[in-house]
Amino acid sequence: MTQTARNARSVQVLGIDAGGTMTDTFFVDADGDFVVGKAQTTPANEAQGLLESSREGLEHWGLTLEDALRNIQTGVYSGTAMLNRVVQRKGLRVGLIVNAGMEDFHRMGRAIQAYLGFAYEDRIHINTHYYDDPLVPRDLTRGVAERIDMMGKVVIPLNEESARTAARDLIAEDVEGIVISLLHSYKNPTHERRVRDIVEDEVKASGKTIPVFASTDYYPVRKETHRTNTTVLEAYAAEPSRQTLHGISGAFKDHGSKFDFRVMATHGGTISWKAKELARTIVSGPIGGVIGAKYLGEKLGYKNIACSDIGGTSFDVALITQSELTIRNDPDMARLVLSLPLVAMDSVGAGAGSFVRLDPYTKAIKLGPDSAGYRVGVCWAESGIETVSISDCHVVLGYLNPDNFLGGQVKLDRQRAWDAIKVQVADPLGLSVEDAAAGVIELLDAELRDYMRSMISGKGYSPGSFTCFSYGGAGPVHTYGYTEGLGFEDVIVPAWAAGFSAFGCAAADFEYRYDKSLDINIDTDAHEADKATQAQVLQAAWDELTERVLEEFERNGYSADKVELQPGFRMQYRGQLNDLEIESPIASAAGADDWDRLVSAFNDTYGRVYAASARSPELGYSVTGAIMRGTVPIPKPKIPEEPLHDATPPREARTGTRQFYRKGRWVEAQLYRMETLLPGNQIVGPAIIESDATTFVVPDGFETWLDEHRLFHLKEL
């Protein structure tokens, strides 16, 4: 293709995954073709890493950044900046108004917050256990006199003067945001909304500009600690993150873009960075990979998918069953319990950048949970890192080409890594450097393999029923190790694995979702009139949430007729502890027949998630929440489809050989250039398939072949 032809390409979509180590960009053109860019993350100025990653990717198409940005219609961002801000307690100064007598409940939290994120031994030893500082300190918390009971009945009228006093106190403390969260306001919001109005009046009278956040306007759901934490996040972390996103958007507009960024939300859709509830984007990078796997599965017919993502800091796993995601309504993040719909994922704090240490007493190898992040490890002379990382082991064992990390943007020093491993790991264990490094990799692979096995079997499934998707910058390096012996139906490594989360961002719907807690209880043999009444209660909640969804889209320039609405609900058998999220089979609910259809959808889903024999309709049913999702269509990436060729790779794909250490011996691995391999090519290990963004290791005892969609299929021999 000539340079002129390449420059005629019209780029339409940009997906971004700003991870803790690397920043990936994913560009889609008008024909659905795509290209991936990669650069180191720049925490001090995220926009810099995003622009560098964009330039690196667009070079493959012969385009400048300015040429591409002129035509892009939509950009989707995912990243970890907001989560990091919460973890590091670097948010805004926030005031909190609660019920009088309840001023300590935010500081106390729920009991589970006392040990979230701790290993077992750290939970039980007082010298290793600690409590995080609350997001809002006690001296910035005020109480107002009022009480609404759990049924929504006013027990104590609101004392408006106490609300005014609380507002004036916090304004005088120079807070940068005020959060209001009263008991049972999700059931009856009257008092909380009145307090909100009083606070806004006092802020206006003070002449200051202080945003006010009432939980009923954001997260009208039960569980006061979850709801309060999440609303506090809006003031504490979401607002400064909004400024970061504003800066990123501005940086791209300085180079000619005309679009406003959307952000990957925890529920799997994307929302505007100007959205009211930006805390929904607190964790977005790993979500993108799961959405990408779901999109790919829907296009190619994979219904049961085990998603596995290895980056520089963590190993993230999620299951897609029968093309459906599991949504958690009460997740925990940064050692806080929250009220957010979150795509269910499990995470291990071990990735390619994780630090390797020896326990000073037992000499056992400990991996992570802290990481070198974008600084890679000791092998990068400019990193300032002195502690050995997993990446140092990769370099010493021959997994990685030290001269081609990030396509040569970063030069690694094998000798530096070798010396550090010798001093910190090998000599204390009485091992050779190679055996020590190999032991670290084998330990990591074993931990990840056991974790994946337990996650799948713990949910009542067998790995043989799933196709494993392996992605992330370090995923293809370890795919063979953590899938070996599990018996997956298939193991797939996309050729664009390094940018797979950014791919998922580009494939995600533009979607707003709102939830509301309900308490609908009904017997299985209820009268028709009772069923109709409860159906109407659910419909009233749907109507309320629909207004909020359409309001957000209108804020982004989309009229109601452009929005496709999908109602949902959460239901459980009465007396059970866990509910299930169900997509409603009907657009509206009014009568007994509608109620019966909702119940039937729940029973069918329950039988798939657990087992048909576990269904318990005799207990009756409880609806615990209403859900409304709205989407508008956006252009999405096209899955590659190329003609198949011979099994033998072309000569130009072979780039030489490299020594590779595994199972106590060095072997000669054939090297291949990933981009020059053709669909149909088959490669038997030992082999290493390299691209600028990732490295796919195929050891002896394994083979892989590339299909017409540029997906590598890994198989044990």
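The structure we're discussing is the one just above.
Since we're looking at a predicted model, the values are computed, not measured.

About the cut-offs
Every chain is numbered independently, its residues counted from 1 as its sequence is written. In keeping with the predicted nature of the model, local features appear solely for residues at pLDDT of at least 70, side-chain atom pairs appear and are counted solely at 80 or more, and the whole-chain, interface and lining totals rest on all residues. To obtain the side-chain values, all non-hydrogen atoms of the structure were used and water was disregarded. Salt bridges are defined by distance alone: a side-chain nitrogen of Lys or Arg within 4 Å of a carboxyl oxygen of Asp or Glu. Relative accessible area decides the class of each residue, using a 1.4 Å probe on protein chains only: under 20% of the type maximum gives buried, over 50% gives exposed, and in between gives partly exposed. Secondary structure elements follow DSSP: runs of H or I of four or more residues count as helices, runs of E of two or more count as strands, with numbering from the N terminus. Two rings from Phe, Tyr or Trp (for Trp, the six-membered ring) form a pair when their centres sit within 6.5 Å of each other. Planes less than 30 degrees apart are called stacked, planes more than 60 degrees apart edge-to-face, and all others tilted. Here the expected span of a helix is defined as 1.5 Å times the quantity of residues minus one. Whether two strands pair depends on DSSP finding at least two bridges between them. To get an axis, fit a line to the C-alpha atoms, keeping to the stretch in contact for a helix; angles then go from 0 to 180 degrees between the N-to-C directions.

A separate point is the pattern of salt bridges. In this structure the tally under the stated criterion is 49 salt bridges. Residue Asp-67 pairs with Arg-70 through a salt bridge whose shortest N-O separation is 2.9 Å. Judged by its relative accessible area of 48%, Arg-70 is partly exposed. Note that Lys-531 and Asp-596 form a salt bridge whose closest N and O atoms lie 3.0 Å from each other. On the criterion of sequence distance, the pair formed by Lys-531 in helix H17 (residues 528-555) and Asp-596 in helix H18 (residues 592-609) is long-range, its members being 65 residues apart. Taken together, the shared-partner salt bridges connect Arg-513, Asp-515, Arg-570, Asp-579 and Glu-581 into one network.

Glancing now at the packing of aromatic side chains. Enumeration according to the criterion identifies 31 aromatic pairs in this entry. Their ring planes at 90 degrees and their centres at 5.0 Å tell us that Tyr-512 and Phe-553 sit as a pair that is edge-to-face. With a gap of 41 residues between them, Tyr-512 in strand E25 (residues 510-522) and Phe-553 in helix H17 connect regions that are remote in the sequence. A ring pair is formed by Tyr-573 and Phe-602, whose centres lie 4.9 Å apart and whose planes are at 70 degrees; its orientation type is edge-to-face. Remark: Phe-602 occurs in helix H18 and Tyr-573 occurs in strand E26 (residues 564-573); sequence separation between them is 29 residues. The buried category is assigned to Tyr-573, whose relative accessible area is 0%. One aromatic cluster in this structure is built from Phe-26, Phe-34, Tyr-295, Tyr-471, Trp-496, Phe-500 and Phe-503.

Moving on, we come to helix H14 (residues 433-458). A rise of 1.5 Å per residue sets the reference length of H14, with its 26 residues, at 38 Å; its end C-alpha atoms lie 37 Å apart and thus fit the reference within 8%. Once H14 ends, the next one or two residues include Gly-460, with phi positive near 85 degrees.

Two modes of strand pairing occur in sheets, parallel and antiparallel, and in both the strands are linked by backbone hydrogen bonds. Taking strand neighbours across the sheet as the criterion, the 4 strands line up as E29-E30-E32-E33 in an open arrangement whose pairing is mixed. Each edge of the open sheet carries a strand with a single partner, namely strand E29 (654-662) and strand E33 (695-698). Within this sheet the neighbouring strands show an average axis-to-axis angle of 25 degrees, counted without direction. Across 4 bridges, strand E32 (residues 687-690) lies against E33 in antiparallel orientation. In the strand pairing of E33, Ala-687 is matched with Val-698.

Take the sheet that holds strand E9 (residues 177-180) next. Read from one edge to the other, the open sheet built from 4 strands follows the order E6-E5-E9-E10, with strand pairing classed as parallel. Each edge of the sheet is formed by a strand with only one pairing partner; in this case those strands are strand E6 (141-144) and strand E10 (212-214). In this sheet, adjacent strand axes meet at a mean angle of 20 degrees when their direction is disregarded. Two elements, strand E5 (residues 94-99) and E9, share 4 bridges in a ladder whose sense is parallel.

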